[in-house]
Amino acid sequence: MQAGVEQYCFLSSNTVYPPGDNAMSEQDATGEFFNSYEVVAGMKFFSEKMAEFFSTKAHYPMRVLIARPGNLYGPHDKFADGKSKVIPALIKRAVSKENPFTVWGDGQDVKDFLYIDDFVEALVRALALESKFEVLNIASGDSVRLQEVIEAILKLSGNSQVEVNYDKSKPSMIPVRHIDISLAKEKLGWVPQVDLETGLARTIEWYTSSSSREN
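Residues numbered from 1 in each chain as written. Predicted model: local features only at pLDDT ≥ 70, side-chain atom pairs only at ≥ 80, totals over all residues. Heavy atoms only, no water.

**Describing the nonpolar core**
Rules: The term nonpolar core refers to a set of buried residues drawn from Ala, Val, Leu, Ile, Met, Phe, Trp, Tyr and Cys, joined through side-chain atoms within 4.5 Å. Accessible area is worked out with a 1.4 Å probe on protein chains only. A residue is then buried under 20% of its type maximum, exposed over 50%, and partly exposed in between. Secondary structure elements are defined from DSSP: runs of H or I of at least 4 residues count as helices, runs of E of at least 2 residues count as strands, and each element is numbered from the N terminus.
Core analysis: the largest hydrophobic core is formed by 22 residues, its most contacted members being Ile87, Ile91, Phe101, Val149, Ile150, Ile153 and Leu200. Breaking this core down by element, the ones donating at least two residues are α2 (86–95), β5 (101–104), β7 (113–115), α4 (146–156) and α6 (196–214). Sorting elements by how many residues they give to this core places α4 first, with six residues. Phe119, Ala122, Leu123 and Ile179 belong to the second-largest nonpolar core, a separate cluster that totals 16 residues.

**A word on the layout of surface pockets**
Here is the rule we go by: Cavities and pockets are found on a 1 Å grid laid over the protein atoms alone: a cavity is a set of points where a 1.4 Å probe fits but cannot escape, a pocket is an open set with protein on both sides within 12 Å along at least five of seven lines, and a lining residue has an atom within 4 Å of such a point. Grid points are joined across faces, edges and corners, and a volume is the space filled by probe spheres set on the points. The nonpolar class holds Ala, Val, Leu, Ile, Met, Phe, Trp, Tyr, Cys and Pro. Asp, Glu, Lys and Arg form the charged class, and all remaining residues, Gly among them, are polar.
Of the volumes computed, that of the largest pocket is approximately 1200 Å³. Along the wall of the largest pocket there are 40 residues; nearest its centre are Tyr37, Asn71, Lys85, Val86 and Met173. Elements with a contribution of two residues or more to the lining of the largest pocket: α1 (38–56), β4 (71–73), α2, β5 and α3 (116–127). In terms of residue count, the dominant contributor to the lining of the largest pocket is α2 (six residues). Looking at side-chain class alone, the lining of the largest pocket contains 21 nonpolar, 10 polar and nine charged residues. Space inside the second largest pocket adds up to approximately 180 Å³.

Written out as structure tokens, the structure is:
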């Protein structure tokens, strides 16, 4: 506030939640993390606490919004090797007709994927809240197995006949992640509008047209 900053938004992560099969609500972040994500989750959790401090304890407090997204995807994502997350990486390989199609893990990981337009819509609404301090899950609320995502991407990219090999010797992600979005629905009057298949189709279309322009 002393510098004229009245509001701060911190984009956190659903990795701040502990392992578990239940749908994680905002109060379930306890400081326990999935072992493979202890560093990134720990940094996000620490940053959340610092943001809360500037909202509730600082001499010049400011309004703070902490958003915990699902796994975001969509056009303009990072598709470059070594930088891409799971969905853009899978799309790039599917569009290039990679065969056999090798996937790390067994494909049974359960994830919450949210299309970027839905996230932005929710975030804009959340920033308009008058709350002094707010923590919100912004996700689809409808988790799916990675195998289903892979099958949908291959189908939508015209590559459904490819041989898919699951390499169980490779590390996988958090086995199960369900996210409770009831608070966002209540406070924002918001529900996701883009289902997974539609979002994947839009992302694949954007990627293929962008790749064509670049070539």
